[in-house]
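Okay, here's what each chain looks like letter by letter:
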Amino acid sequence: MSNYRCSPCGYIYYPSRGEPKNGIAPGTAFEDLPDDYICPVCGVRAKVGKSAFYEMETMLYRCNACNYLYDPARGEPKNGIAPGTAFEDLPDDYVCPVCGVYVKIGKDAFVPTM
Ligand SMILES: [Zn+2]
Ligand SMILES: [Zn+2]
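Note that this is a predicted model, so its numbers are computed, not measured.

Rules behind the numbers
- Residues numbered from 1 in each chain as written.
- Chains lettered and ligands numbered in written order.
- Predicted model: local features only at pLDDT ≥ 70, side-chain atom pairs only at ≥ 80, totals over all residues.
- Heavy atoms only, no water.
- Donors = N, O, S within 2.8 Å, 3.2 Å for Na, K, Ca; no water.
- Tetrahedral: all angles 85-135°; square planar, octahedral: opposite > 155°, others 65-115°.
- Helix = DSSP H or I, 4+ residues; strand = E, 2+ residues; numbered from the N terminus.
- Buried < 20%, exposed > 50% of the residue type's maximum accessible area, 1.4 Å probe, protein only.

Draft legend 1. Layout of the coordination of the zinc ion (ligand 2). Bound to the zinc ion (ligand 2) on the protein side are Cys63 (SG), Cys66 (SG), Cys96 (SG) and Cys99 (SG), at distances that span 2.3 Å. Relative to the metal, the four donor atoms surrounding the zinc ion (ligand 2) lie at angles of 104 to 112°, and the coordination shape comes out tetrahedral. As a motif over one chain, the donors of the zinc ion (ligand 2) read C-x2-C-x29-C-x2-C. With cysteine 63 in strand S4 (residues 60-63) and cysteine 96 in the loop between strand S5 (69-70) and helix H2 (100-103), this pair connects stretches of sequence that are 33 residues apart. The exposure class assigned to cysteine 63 is buried, which follows from its relative accessible area of 0%.

Draft legend 2. Main features of the coordination of the zinc ion (ligand 1). Protein coordination at the zinc ion (ligand 1) comes from Cys6 (SG), Cys9 (SG), Cys39 (SG) and Cys42 (SG), with a distance range of 2.3 Å. Taken together, the four donor atoms surrounding the zinc ion (ligand 1) define angles of 106 to 113° at the centre, an arrangement classified as tetrahedral. Read from N- to C-terminus, the donor residues coordinating the zinc ion (ligand 1) fall into the pattern C-x2-C-x29-C-x2-C. Of this pair, cysteine 6 sits in strand S1 (residues 4-6) while cysteine 39 is found in the loop between strand S2 (12-13) and helix H1 (43-46), placing the two residues 33 residues apart along the sequence.

Just distances and angles here, no functional claims.
So, in structure tokens, the structure goes:
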């Protein structure tokens, strides 16, 4: 599932998180939001709706140390990370599965890449 960004304010809708406060369950794809969905940040004032959002390319994250690529679409099922888990949603103690085992290379060492 893709993330969507509100062009006026930069708010990002993450399907993996949803908006529980607004009655949108985690796992709700942007396409499945109601037609009257409005941006929770700027939509209240300006009625900014779905048409103001654009799809973000799925970002891969590359480990600076070993070039391992984290692909959110795949996750790391072997390590208990389900496919579709956004990099932002990885636990804070996530380490690179290739080189992090030895040297505790964590999320800080990863850079977004296309
Ligand atoms: Zn907005
Ligand atoms: Zn690494």
